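# Structural characterization, general
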Amino acid sequence: MSFNLAILTDNWREILDGMALTILIWAAGTAIGLAVGLAVAVVQLFTNRWLAAPLALYVAVMRGTPFLIQLFVIYYGGPFFGLDLTPLTAGIAGLALYGGAYFSEIFRAGFLSVPPGQIEAARMMGIGRLDIVRHVQLPQMLVIILPALANMTVLLSKETAVLSVITVNELTSVIQSIGSTTFAFAETLLFLALVYWAFLEIVTAAARRLEKRVGRFMLRSQS
């Protein structure tokens with residue numbers, strides 16, 4: 001059995017476009033998901049239970065159902081709720097909402113990991129609740145939860161492959177299209193796996209580098 005790599009080189013423009021769109025969706029979905037997760041965690045921990053209860057249900061639903069089903073509901077079920085989203089918008093929204101639920105639990109665990117004595121001391125000094133979150137809890141808990149955040153970011157990059165089911169023309173969709181028209185399924189799928197593996201290795205290496213830099217910064221600030 002021989003591999004025809006010319007099939008890939010002949011379609012390099014489409015492949016690059018698909019890769020660029022995949023990275024864009026991943027970056028946008030992760031950034032929005034981080035913001036959603038932080039907001040949900042703050043509301044759950046520092047507001048009344050009437051606001052926290054619906055958010056707890058959101059987290060439970062998003063974590064308890066497959067990402068594929070969530071995409072179908074957002075894209076195909078959206079018009080029933082007045083949301084007529086494009087495939088790209090639905091993909092980013094789905095990735096952000098899915099990631100936001102997991103990020104919220106990571107942030108919540110980080111907030112709870114800060115020693116209560118430090119929070120109480122800040123209150124005794126007259127520091128407001130918002131300032132305590134910003135200046136006491138956030139800096140400490142970010143160092144603790146950074147590995148978990150990085151791991152979730154890596155997992156979200158793999159979930160982008162699912163977006164092809166709602167006709168988002170990202171890398172998986174492009175590769176599948178090339179394989180269907182040329183019948184070179186072995187070459188295209190192997191290439192797709194290698195690209196995702198390389199991308200994940202780059203993201204993982206960047207996350208580890210960031211962890212080390214943050215750790216060194218915290219050590220210098222404490223000395």
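Looking up the chain in an unreviewed UniProt entry gives the name Amino acid ABC transporter permease, with the organism given as Ancylobacter oerskovii. Database annotation for the chain, UniProt heading Sequence similarities (unreviewed entry): "Belongs to the binding-protein-dependent transport system permease family. HisMQ subfamily."

Our focus in this paragraph is the environment of Q70. Topologically, Q70 is positioned in helix α4 (residues 67-76). Assessed through its relative accessible area of 6%, Q70 is described here as buried. Remark: the alpha-carbon pair of Q70 and G94, spanning 24 residues in sequence, is separated by 6.8 Å. With residues up to four places along the chain from it excluded, the contact list for Q70 reads V61, M62, T65 and Y98.

Quick look at the nonpolar core now. Counting 41 residues, the largest nonpolar core has I25, F103, F107, F111, M141 and L156 as the members making the most contacts within it. Top contributing element to this core by residue count: helix α7 (residues 129-159), with 10 residues. Dropping the residues within four chain positions of it, L156 is found in contact with W26, T30, L95, Y98, G99 and F103. By size, the runner-up hydrophobic cluster in this structure holds 11 residues, among which are L8, V174, A184 and V195.

Where like charges cluster on the molecular surface, the positive patch consists of R208, R209, K212, R213 and R216. Mapped onto the secondary structure, R213 falls in helix α9 (residues 185-222).

Right, let's get into the packing of helix α5 (residues 87-113) against α7. A pair of packed helices is characterised by two quantities: the angle between their axes and the separation of those axes. Viewed as axis vectors pointing N to C, α5 and α7 meet at an angle of 145°, and their least axial separation amounts to 8 Å. Regarding α5 and α7, the two cross each other, and that crossing is right-handed. The residue makeup of the contact of α5 with α7, split by class, is 17 nonpolar, 5 polar and 1 charged.

This paragraph deals with the UniProt feature "transmembrane region" (unreviewed entry) in the chain. Cross-referencing UniProt, the feature "transmembrane region" (unreviewed entry) maps to residues 20-43, 55-76, 88-111 and 132-150 in the present numbering. For residues 20-43, the helix share is 100%, the strand share is 0%, and the end-to-end C-alpha distance is 35 Å. What you have in residues 55-76 is 91% helix and 0% strand, and the ends, taken at the C-alpha atoms, are 23 Å apart.

Cut-offs used in this document
- Per chain, residue numbering runs from 1 following the sequence as it is written.
- Only residues with pLDDT of at least 70 are given local features in this predicted model, and only at 80 or more are side-chain atom pairs given and counted; all residues enter the totals for whole chains, interfaces and linings.
- Values shown for side chains rest on all heavy atoms present in the structure; no hydrogens or waters enter the calculation.
- UniProt positions are given in the numbering used here, feature names are shortened, and annotations may be inferred rather than shown by experiment.
- Think of it this way: any DSSP run of H or I at least four residues long counts as a helix, any run of E at least two long counts as a strand, and we number them from the N terminus.
- Each residue is placed in one exposure class: buried if its accessible area under a 1.4 Å probe, protein chains only, is under 20% of its type's maximum, exposed if it is over 50%, and partly exposed if it falls in between.
- Note on definitions: a residue-residue contact is assigned when non-hydrogen atoms from the two residues lie within 4.5 Å.
- In plain words, nonpolar cores are sets of buried Ala, Val, Leu, Ile, Met, Phe, Trp, Tyr and Cys residues tied together by side-chain atoms within 4.5 Å.
- Here a patch means residues that are over 30% exposed by relative accessible area and free of salt bridges, tied together within 9 Å if like-charged and within 5 Å if nonpolar (Val, Leu, Ile, Met, Phe, Trp, Tyr).
- Each accessible area value is a Shrake-Rupley result obtained with a 1.4 Å probe; residue values ignore everything except the protein chains displayed when judging cover.
- Criterion for a salt bridge: a side-chain nitrogen of Lys or Arg within 4 Å of a carboxyl oxygen of Asp or Glu.
- Asp and Glu count as negative and Lys and Arg as positive, but His and the ends of the chain are not part of the count.
- For the purpose of locating charges, the reference atoms are NZ of Lys, CZ of Arg, CG of Asp and CD of Glu.
- Only the stretch in contact is used when a helix axis is fitted, and all axes are lines through C-alpha atoms; the angle between N-to-C directions ranges over 0 to 180 degrees.
- For any helix crossing, the convention is left-handed if the near helix is rotated counterclockwise from the far helix by under a right angle, and right-handed if that rotation is clockwise.
- Three categories are distinguished: nonpolar for Ala, Val, Leu, Ile, Met, Phe, Trp, Tyr, Cys and Pro, charged for Asp, Glu, Lys and Arg, and polar for the others, with Gly belonging to the last.

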